[in-house]
Amino acid sequence: MPGTDLWFEAGNVPGIDFTDPAAAEIIRLRHGIAKWGAELTPERLPQEAAIEDRAVDFHKGCYIGQEVISRIKSVGRVNRRIQRIESESELQPGEPWPPESEGDPAGEITSAAFDPLANRWIGLALVRGRS
């Protein structure tokens, strides 16, 4: 998959220090990119993290887990999916989403950070019922 290099003069993007790991995390969350150890785990299916288009070769020969991955492709959906979320209240990984849900929450927050440019919390959550 081809990439893109972005060049900025220092100080031309207000509120973002590209050398700061916290800023990189905010950019990752803004774009909904899954990260190993948060959205990507040995238990998570590629389709749940929305990475099957760039991480799975459906024409490759045999590999561990091939039947499950191919079955999901033929059925056309998974029961949970990573979704980008926003809130004016603080978000914490491991908490239910939405935080004030009555009954069973729709999902669980996997990553979160405060976005100073948007002046709100952003994150990713593993949410039920999305295909």
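Just above sits the structure.
Conventions adopted
- Residues numbered from 1 in each chain as written.
- Predicted model: local features only at pLDDT ≥ 70, side-chain atom pairs only at ≥ 80, totals over all residues.
- Heavy atoms only, no water.
- Helix = DSSP H or I, 4+ residues; strand = E, 2+ residues; numbered from the N terminus.
- Buried < 20%, exposed > 50% of the residue type's maximum accessible area, 1.4 Å probe, protein only.
- Contact = heavy atoms within 4.5 Å.
- Areas by Shrake-Rupley, 256 points an atom, 1.4 Å probe, with all protein chains shown as cover.
- Pairing = 2+ DSSP bridges.
- Core = buried A, V, L, I, M, F, W, Y, C linked by side-chain atoms within 4.5 Å.

Describing the overall build of the protein chain
Stage number 1. Helix and strand content of the protein chain: three helices and four strands.
Stage number 2. When the 131 residues of the protein chain are sorted by exposure, 33% land in the buried category.
Stage number 3. Put simply, 53% of the contacts in the protein chain that link residues at least 6 apart link residues at least 24 apart.
Stage number 4. For the protein chain, the accessible area works out to roughly 9,000 Å², and carbon and sulfur atoms hold 51% of it.

A short note on unusual backbone geometry
Stage number 1. Omega for the bond connecting Trp-97 with Pro-98 falls within 30 degrees of zero, at -10 degrees, which places this linkage in the cis form.
Stage number 2. Take Pro-98: it is sitting in the loop between strand E2 (96-97) and strand E3 (107-115).
Stage number 3. Phi angles above zero are rare outside glycine, and Ala-50 is one such case at about 60 degrees.
Stage number 4. Tracing the chain through its elements places Ala-50 in the loop between helix H1 (21-30) and helix H2 (52-55).
Stage number 5. Phi is positive for Asn-119, which is not a glycine, with a value near 55 degrees.
Stage number 6. Here Asn-119 is to be found in the loop between E3 and strand E4 (120-128).

Focus on the sheet that holds E3
Stage number 1. Read across the sheet, four strands follow the order E1-E4-E3-E2 without closing on themselves; strand pairing throughout is antiparallel. Whereas interior strands pair on both sides, the edge strands pair on one side only; in this sheet they are strand E1 (80-87) and E2.
Stage number 2. Summarising the sheet, E2 and E3 pair through two bridges and their orientation is antiparallel. Pairing of Trp-97 across the sheet is with Gly-107, part of E3.

A few points about the nonpolar core
Inside soluble globular proteins, nonpolar side chains tend to come together where they are buried.
Stage number 1. In terms of nonpolar packing, the biggest core is built from eleven residues, these being Ile-26, Leu-29, Ala-34, Leu-40, Ala-49, Ile-51, Ile-82, Ala-113, Ile-122, Leu-124 and Leu-126.
Stage number 2. Elements supplying a minimum of two residues to this core: H1 and E4.
Stage number 3. Of all the elements, E4 adds the most residues to this core, at three residues.
Stage number 4. Sequence-distant contacts of Leu-29, defined by excluding residues within four places in its chain, comprise Arg-84, Ser-111, Ala-112, Ala-113, Ile-122, Gly-123 and Leu-124.
Stage number 5. Listed in part, the eight residues of the second largest apolar core include Ile-85, Leu-91, Trp-121 and Ala-125.

As far as function goes, none of this settles anything; it's purely spatial.
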